[in-house]
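Reading the structure
For reference, the chains in residue letters:
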Amino acid sequence: MTAVRTPPEATPEIGRDRRRKEDARLITGRTRWTDNITLPGMLHLAMVRSPFSHATITGIDTEAAREAVGVVTVITAADLDDSLGVCINAWPITPEQKAPVHTPIAGDRVSFAGEIVAVVVARSAAEARDAAELVEVDYDELPAVVDLAEAVTDSVLAHPELGTNKSALWAFDSAEAGTGGDVEEAIEAARADGIVIEREFRQQRLIPAFMEPRSTVVDPTGEQITMWSATQIPHVLRFALAATTGVPESKIRVIAPDVGGGFGGKLQQTPEEMLVFALARRLGRPVKYTETRSESLQAAHHGRDQIQRLTLAATRDGRVTGLKVELVANLGAHVALVGGGVPVLGAFMFNAIYKFPAYHFSCQTVFTNTAWTDAYRGAGRPEATFGIERMMDELAAELGVDPFVVREKNWIRHEEFPFTTVSGLQYDSGNYEAATAKAKETFGYDALRAEQAQRRASGDRVQLGIGVSTFTEMCGLAPSRVLGSLDYGAGGWEHAEIRMLATGKVEVITGASAHGQGHETAFSQIVADRLGVPFEDVEVLHGDTQIAAKGLDTYGSRSLVVGGEALVRATDKVIERATPIAAHLLEASVDDIDFAGGRFSVRGTDQGVGIAEVALAAFAAHHLPDGVEPSIDAEATFDPVNFNYPHGTHLCAVEVDTETGRVRLRYYVCCDDIGVVINPLIVSGQVHGGLVQGIAQALWEEAIYDDAGTLVTGSFVDYLLPTAADTISFGVEHTTTPATTNSLGAKGVGEAGTIASTPAVINAVVDALRPLGIRDIVMPATPARVWRAIQDATGAQAGADQ
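Not measured: the values here are computed from a predicted model. (Residues numbered from 1 in each chain as written. Predicted model: local features only at pLDDT ≥ 70, side-chain atom pairs only at ≥ 80, totals over all residues. Heavy atoms only, no water.)

**Examining unusual backbone geometry**
Note the following rule: Under the scheme used here, helices are H or I runs from DSSP no shorter than 4 residues and strands are E runs no shorter than 2 residues, and both carry numbers assigned from the N terminus.
The peptide bond linking Phe-417 to Pro-418 adopts the cis configuration, its omega dihedral lying at -5°. Among the structural elements, Pro-418 can be located in the loop between helix H12 (403-410) and strand S17 (419-420). Residue Met-779 is joined to Pro-780 through a cis peptide bond whose omega torsion reads -10°. Mapped onto the fold, Pro-780 is located in the loop between helix H20 (752-769) and helix H21 (783-801). The backbone of Phe-263 shows a phi angle near 55°, a positive value even though the residue is not glycine. Structurally, Phe-263 is set in the loop between strand S12 (252-255) and helix H8 (271-283). Phi is positive for Asp-487, close to 70°, though the residue is something other than glycine. For Asp-487, the position within the fold is in the loop between helix H15 (480-485) and strand S20 (494-500).

Right, here's the structure in full:
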């Protein structure tokens, strides 16, 4: 029997602005990054990387490097055996998927510029780097395929042994799945008596550009091999090391200390981690490798990089009848850890918040001689949202109506939840009407439309554009059965443990691994509320597989909605275990015990005992009921039965100078529904950061290769990251429809800003220029691209007028 308890929404911590516990050490330099770790006798690595994107290695001369000051040894692929392991793909999206073996170091051929061909081991990092320049590698350059559209033709092969660049074709059809009608029939019907919109969009390649470069330290000298790594996935990494090297998992400890950002870019089993692990074992000494920023941009995985071909069918009054999506997705040189699964995630989100009767999705993944791609903030969901939100604007333009008219006509109404979509997902809750109304009010939508009309009428050189983007996303990546049905190689559960210390303090152990999200603060708030203990008395431990032995780590906005719910269930078990001891101490029946505010009390009396006193009594074990264990600690594992569906409406106003092509952000408002908010301050930070990353895709960022496969945006001189000076203040609002998939009522927020902001900005730019006949700008919408589009459009108009 469990004591009756006060529900969490009546307690003070949830919903409170709390400054992050983590920040004091992070901003004062008292943190412990992986690169700060120094061990006795530690050696350092430098990687020798190929300057060619595709070439045969005909010889490697390491003699000069071996004789350099401080060098211990130089290693090539010929010096290593199968115990090195391989980099795994955890999500083969089809049984027929083609993939080359991804060895951490190239043997006879390199397949992208930046691939490792030799490793220098030295007493210091500087000596290793200097010696790496002395390694002579002879290459015979091979034809390289860099362009995504060219790769599909197989005219040049990234991996000749495969016989094709095509890795896998994944498809979903609503008619075949029984979730909707036949999309081809819907399109043909619309061609005969309706509207068909056909567009091609380009999702450019992006670089995660996390703050802390990747770093790994391995110590092989103890009973276990201990790895410190700047990773998002210590538990997954431990499994991958054991599964591919033959070292028992029990003999491997992985620690993710303070990690300086990831955005999906550290959701990876990297070649560098594998090499550090192998060489530490080989040499019997601690080994460290920390990449330079240039190496990070060149050889850490990239994101996005798709060609999207979309066909939307609708009636003449704007009601959508079908959607066909055909993607070509660039894997780069290898199928990464999640790799081809990233665009598959988007398959379930192209229908977005709309009631499409028929839907077809296909994705062809292809290889190129470029850095491999994998998850980047949002992972498939931003790409899908961009595609459908651009199409809804195009439909509105075709009909000559406001963009909200077609959205309101087609979205799921709040009274229709739970709603099963044409892609087969069940959305549990939402209110798109409320989020949109609040966003429009805050934005001053009608006034800005009036200003836009006035500027157009006066022929103003600087035109005002207004962009609309609505979104929902499947996040809290978790339901293990669903992931299994998609051939994903792992589950989606999360584990938590609560330790009630004899002093009244609380230790929280979570399998989620933070890299900037504020876990220590938010999880402390949840536990403090549930157990009625002071916020300051809760300590959160994470990121160490020896301490948090079970877990599936952090990605896909899952920490709160999966990991947080595991914590809730563990706290409930603590109360359940403590209740019989409290009843015994109070000489009362268990059935008469209530729990509220950290105190067990006898119903109808003023008798009570605090949970800290119960924890001490359990520890002492002097006066416990017969058959009761001397502990109230508890653990729980939570595996949801459904995804989690935050949503929102984003509005952007831009000013476009039609003479220079310059785009200036004027105003941006978002209203997101992320369910019950645990910490509004953290949420604001997450939303602001996400908005900037999404806006950056629209306006600034792009990873560019030349025809030979050399990354020409290989530094922050050329890869344009925004600063605070480039952005504006955002209007951030919320509505609340609690999630039904977890007892907190919470929804994910980490990716929301990134998902919705890119189409909002591009829709705004196109909206400003649509009177000129412009209906798309390829991202990023740089001044040069916007200016060229204006020149082409005005030139075409002038020609038509002659």
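**Focus on the pattern of salt bridges**
Heads up, the rule is: Just to be clear on terms, a salt bridge is a Lys or Arg side-chain nitrogen sitting within 4 Å of an Asp or Glu carboxyl oxygen. Here the term buried applies to any residue with accessible area under 20% of the maximum for its type, exposed to any over 50%, and partly exposed to those in between, with areas from a 1.4 Å probe on protein chains only.
In total, this model carries 60 salt bridges according to the counting rule given. Asp-154 is the partner of Lys-166 in a salt bridge, and the nearest nitrogen-oxygen pair spans 3.2 Å. Taken together, the positions of Lys-166 in strand S8 (residues 166-173) and Asp-154 in the loop between helix H4 (148-153) and S8 put the pair 12 residues apart, joining distant regions of the chain. Owing to a relative accessible area of 23%, Asp-154 belongs among the partly exposed residues under this scheme. The closest approach of N and O atoms between Arg-199 and Glu-394, which form a salt bridge, is 2.9 Å. Pair noted here: Arg-199 is in strand S9 (residues 195-206) and Glu-394 is in helix H11 (residues 381-399), with a separation of 195 residues, a long-range link. Of the two residues, Arg-199 and Glu-394, neither departs from the other in class, the shared state being buried. Connected through salt bridges with shared partners, the residues Arg-49, Arg-214, Glu-272, Glu-291 and Glu-295 form a single ionic network.

**Structural notes on a negative patch on the surface**
The line we're drawing: Patch definition: residues above 30% relative accessible area lacking any salt bridge, with like charges linked at up to 9 Å and the nonpolar side chains Val, Leu, Ile, Met, Phe, Trp and Tyr linked at up to 5 Å. Computed by Shrake-Rupley with a 1.4 Å probe, the accessible areas treat only the displayed protein chains as cover when residues are assessed. For the purpose of counting charges, residues Lys and Arg are taken to be positive, whereas Asp and Glu are taken to be negative. His and the chain ends are not included. To locate a charge, the coordinates of NZ of Lys, CZ of Arg, CG of Asp or CD of Glu are taken.
A cluster of acidic residues, Asp-61, Glu-63, Glu-67, Glu-136, Asp-138 and Asp-140, forms a negative patch at the surface. With three residues, the single largest contributor to the negative patch is strand S7 (residues 136-141). Looking at the secondary structure, you find Asp-61 in strand S3 (residues 55-61). A residue is classified by how much of its surface remains accessible, and Asp-61, at 40% relative accessible area, is partly exposed.

**A few points about H12**
What counts is decided by this rule: Here, the arc refers to the directions that run from the helix axis to the C-beta atoms. The definition of a polar contact used here is a pair of N or O atoms within 3.5 Å, where within protein one atom must be able to donate a hydrogen and the other to accept one, and adjacent residues in sequence count solely through side-chain atom pairs.
Within H12, burial applies to Pro-403, Phe-404, Val-406, Arg-407 and Asn-410. Down the axis of H12, the smallest arc covering the buried residues is 165°, so these residues share one side. A distance of 2.9 Å separates the backbone nitrogen of Phe-404 from a side-chain oxygen at the start of H12, and that oxygen is part of Asp-402.

**With respect to the packing of aromatic side chains**
Definition in use: Only the six-membered ring of Trp is used, alongside the rings of Phe and Tyr, when aromatic pairs are assigned; centres must lie within 6.5 Å, and planes under 30 degrees apart are stacked while those over 60 apart are edge-to-face, with the rest tilted. Charges are assigned to positions over rings by a cutoff of 6 Å between ring centre and Lys NZ or Arg CZ, combined with an angular limit of 35 degrees from the ring normal.
Per the stated rule, a full pass over the model turns up 15 aromatic pairs. Seen from their ring centres, Tyr-354 and Phe-356 are 6.5 Å apart, and the 85° between their planes marks the pair as edge-to-face. Considered together, Tyr-354 and Phe-356 belong to a single accessibility category, that of buried residues. When the ring of Phe-595 is compared with that of Phe-600, the centres are 4.6 Å apart and the planes differ by 45°; the resulting orientation is tilted. Across the pair, Phe-600 and Phe-595 agree in class, each one buried. The ring of Phe-535 carries Arg-18 above its face, with NZ or CZ at 4.0 Å from the centroid. Positioned over the ring face of Phe-210 is Lys-266, at 4.6 Å from the centre of the ring.

**Focus on the sheet that holds strand S22 (residues 538-541)**
For the record, the criterion: Following DSSP output, two strands are said to pair if at least two bridges run between them. Axes here refer to lines fitted to C-alpha atoms; in helices the fit is confined to the stretch in contact. Angles between the N-to-C directions go from 0 to 180 degrees.
As summarised here, the arrangement of the four strands in space is S22-S21-S20-S26, forming an open sheet in which the pairing is mixed. The open sheet terminates on both sides in strands that have one partner only, identified here as S22 and strand S26 (634-638). Shown here is a sheet whose adjacent strand axes are inclined to one another by a mean of 20°, direction ignored. Where S20 lies against strand S21 (residues 506-510), five bridges are found, and the strand directions are antiparallel. Counterpart to Glu-497 in the pairing with S21 is Ile-509.

**A closer look at the state of the cysteines**
Put simply, the test is: Defined by distance alone, a disulfide is two cysteine sulfur atoms within 2.5 Å.
Tallying each qualifying case throughout the model produces zero disulfides. In this structure Cys-670 is not part of a disulfide, and its nearest cysteine sulfur, from Cys-671, lies 7.7 Å away.

**Describing the environment of Cys-87**
Short version of the rule: In what follows, residue pairs with any heavy atoms lying within 4.5 Å of each other are defined as contacts.
As for its placement among the helices and strands, Cys-87 is situated in the loop between strand S4 (71-76) and strand S5 (109-110). The buried category is assigned to Cys-87, whose relative accessible area is 9%. Beyond its immediate chain neighbours, meaning those up to four positions away, Cys-87 contacts His-102, Gln-269, Thr-270, Pro-271 and Met-274.

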